[in-house]
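As a plain string of letters, each chain reads:
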Amino acid sequence: MNVTLITGASGGIGEALASRLAARKHNLLLVARNAGKLEQQCRQFAQAYGISAQYIAADLSKAGAPQQVFEEAQARGLEVDMLINNAGIGSGGAFSELLLKDELALLQLNNASLVAMTHLFLLPMQARGSGTIINVASMAAFIPFPYMATYAASKAFVRSFTQAITEECKPYGIHVMLLCPGLTRTNFNRAAGIENNEKSKGLNIEYSSTTQTPEQVADEAIRALDRKKHVIVSGRMNRLAANLSALLPNAIVARGFARSYRKRTGK
Ligand SMILES: NC(=O)c1ccc[n+]([C@@H]2O[C@H](COP(=O)([O-])OP(=O)(O)OC[C@H]3O[C@@H](n4cnc5c(N)ncnc54)[C@H](OP(=O)(O)O)[C@@H]3O)[C@@H](O)[C@H]2O)c1
């Protein structure tokens, strides 16, 4: 059976993508840590849309997890014809004050697991001569971001890696797309400890009227996929910001962010 595999599908952008794709009759294989939530979603999607929805509970910040997910998908006889590497976490604050083990776990999830999942599922796609891969980066992929240094660098990696394999995959009929959301109303910023509250380590991320919902991001991503785009920055204001940031030297943008952070925090 053909399935669309979505990592980080138990909430936020991953959940919105799963719901939209289920409505389009994609069979789903959902991956995240929260087995209870995934089970509930699978039941709902199967009932509402008459599709097959399965899940694998896995912690993708563990090095062996992608291989386990791949083997489990094979054991179930599933052919992953669309892979969406969406699971990701953030972190913020002065780099030297963050826990090294948390920063390394972030890289394992945002980068190493994404590369492993892509490699594992790409080989059967190549053999079949078709497939789709969507990797989720961020607006933070476009600039070095002081006080979110590791997270922004992890997303710059996703951007560079994805744009490179986009070209490598073309001769095999495999479509690769990079999705760069901007600030989105999900649990992401609270989990990263950077939402605007007393614990936000000075980053004070705040939502505004232009902040997108995960459903808006998912709709834009799917429209872009229908149009066979390779890169999509979701949200008009975000596209404008991405274009502007490309005109300025990275060092100047980074200096501006660092100064404004130090002014806010008195550091
Ligand atoms: N929200 C934003 O402002 C924003 C902006 C730009 C880019 N993004 C990117 O968008 C993607 C999705 O973020 P989101 O906003 O939807 O975040 P979210 O609401 O926090 O959802 C994150 C998803 O990733 C899963 N996840 C977290 N750690 C995991 C782990 N160790 N192993 C497996 N799954 C894990 C979570 O499920 P479990 O907890 O069940 O594991 C959840 O399903 C991320 O790559 C993020 O970097 C978000």
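What comes next concerns the included structure. Keep in mind the model is a prediction, meaning the values are calculated, not measured.

## Let's talk about empty space enclosed by the protein
As enumerated under the stated definition, the model contains one cavity of 30 Å³ or more in all. Its boundaries defined by the atoms lining it, the largest cavity holds a volume of some 50 Å³. Forming the walls of the largest cavity are T7, L60, N85, N86, A87, L109, S113, L114 and M117. Top contributing element to the lining of the largest cavity by residue count: helix α4 (residues 100-128), with four residues. Taken together, the residues that form the lining of the largest cavity break down as five nonpolar, four polar and no charged.

## Here's the deal with the site of the ligand
Neighbouring residues of the ligand: 31 residues in total, closest S10, I13, R33, Y151 and T186. In the environment of the ligand, an oxygen atom lies 2.9 Å from a nitrogen or oxygen atom belonging to the backbone of T184. The separation between an oxygen atom of the ligand and a polar side-chain atom of T186 is 2.6 Å. About the coverage of the ligand: the protein hides 92% of its 890 Å² of free accessible area. For the shell around the ligand, the secondary structure elements donating two or more residues are α1 (12-23), α5 (149-169) and α6 (188-191). Classifying every residue of the shell around the ligand by side-chain character gives 14 nonpolar, 14 polar and three charged.

## Re the packing of helix α3 (residues 65-75) against α4
In the contact formed by α3 and α4, the axes pass within 9 Å of each other and the chain directions differ by 30°. Classified by the angle between their axes, α3 and α4 sit roughly parallel to one another. Considering only the axes of α3 and α4, their crossing is right-handed. The residues of α4 that touch α3, namely those facing P66, Q67, V69, F70 and A73, are S113, A116, M117, L120, F121 and P124. For the contact of α3 with α4, the class distribution of residues is nine nonpolar, two polar and no charged.

## Some thoughts on the pattern of salt bridges
What the rule picks out here adds up to nine salt bridges. Between R76 and E72 there is a salt bridge, with its nearest N and O atoms 2.8 Å apart.

## Some words on the nonpolar core
Ranked by size, the top nonpolar core spans 37 residues in total, and within it L5, L60, V69, L83 and F121 carry the most contacts. Elements supplying a minimum of two residues to this core: β1 (2-7), β2 (28-32), α3, β4 (79-85), α4, α5 and β6 (174-180). Looking at this core, the element that brings in the most residues is α4, giving seven residues. In this structure, F121 is in contact with L5, V69, F70, A73, V80 and L83, ignoring residues within four places of it in sequence. Grouped together as the second largest cluster of nonpolar side chains are 29 residues, L179, V217, A218 and A221 included.

## With respect to the state of the cysteines
Counted according to the given criterion, the structure contains zero disulfides. Of all cysteine sulfurs in the structure, the one in C180 sits closest to C169, which takes part in no disulfide; the separation is 17 Å. On the basis of relative accessible area, C169 is assigned to the buried category, the value being 1%.

## So, the sheet that holds strand β7 (residues 231-233)
If you walk across this open sheet you meet the seven strands as β3-β2-β1-β4-β5-β6-β7, and the pairing is parallel. Looking at the sheet topology across the chains shown, the edges are occupied by β3 (53-57) and β7. Across the sheet, the axes of successive neighbouring strands diverge by a mean angle of 20°, strand direction being ignored. The pairing of β6 with β7 spans three bridges and is classified as parallel. Residue pairing for β7: L179 is matched across the bridge by I232. α1 rests against β1, β2 and β4 of the sheet, and its axis sits at about 160° to β1. Running at roughly 175° to β3, helix α2 (residues 35-49) makes contact with β2 and β3 of the sheet.

## Let's talk about the side chain of S138
Summarising the element assignment, S138 is placed in the loop between β5 (131-136) and α5. Owing to a relative accessible area of 9%, S138 belongs among the buried residues under this scheme. Here A140 takes part through its backbone nitrogen, which lies 2.9 Å from a polar atom of the side chain of S138. Discounting residues that sit within four places of it in the chain, S138 has contacts with Y151, K155, L179, C180 and P181.

## Overview of α2
Taking 1.5 Å of rise per residue, the 15 residues of α2 would be expected to cover 21 Å, and the 21 Å separating its terminal C-alpha atoms lies within 8% of that figure. Taken as a whole, α2 has its buried residues at L38, Q41, C42 and F45. Take α2 and look down its axis: the buried residues cluster within an arc of 105°, on one side only. For α2, exposure combined with an orientation more than 90 degrees from the buried face picks out Q47 and A48. Where α2 begins, one side-chain oxygen reaches toward the backbone nitrogen of G36, 3.3 Å away; that side chain belongs to N34. The positive-phi residue at the C-terminal boundary of α2 is G50, with phi of around 65°.

Cut-offs applied
- Residues numbered from 1 in each chain as written.
- Predicted model: local features only at pLDDT ≥ 70, side-chain atom pairs only at ≥ 80, totals over all residues.
- Heavy atoms only, no water.
- 1 Å grid on protein atoms, 1.4 Å probe; cavity = no way out; pocket = protein on both sides within 12 Å on 5 of 7 lines; lining within 4 Å.
- Points joined across faces, edges and corners; volume = space filled by probe spheres on them.
- Helix = DSSP H or I, 4+ residues; strand = E, 2+ residues; numbered from the N terminus.
- Nonpolar A, V, L, I, M, F, W, Y, C, P; charged D, E, K, R; others polar.
- Near = heavy atom within 4 Å.
- Polar contact = N/O pair within 3.5 Å; in protein donor to acceptor, adjacent residues only side chain to side chain.
- Areas by Shrake-Rupley, 256 points an atom, 1.4 Å probe, with all protein chains shown as cover.
- Axes fitted to C-alpha atoms, helices over the stretch in contact; angles between N-to-C directions.
- Parallel < 35°, antiparallel > 145°, perpendicular 65-115°, else oblique.
- Left-handed = near helix turned anticlockwise from the far one by under 90°.
- Contact = heavy atoms within 4.5 Å.
- Salt bridge = Lys/Arg side-chain N within 4 Å of Asp/Glu carboxyl O.
- Core = buried A, V, L, I, M, F, W, Y, C linked by side-chain atoms within 4.5 Å.
- Buried < 20%, exposed > 50% of the residue type's maximum accessible area, 1.4 Å probe, protein only.
- Disulfide = S-S within 2.5 Å.
- Pairing = 2+ DSSP bridges.
- Expected span 1.5 Å × (residues − 1).
- Arc of directions from axis to C-beta.

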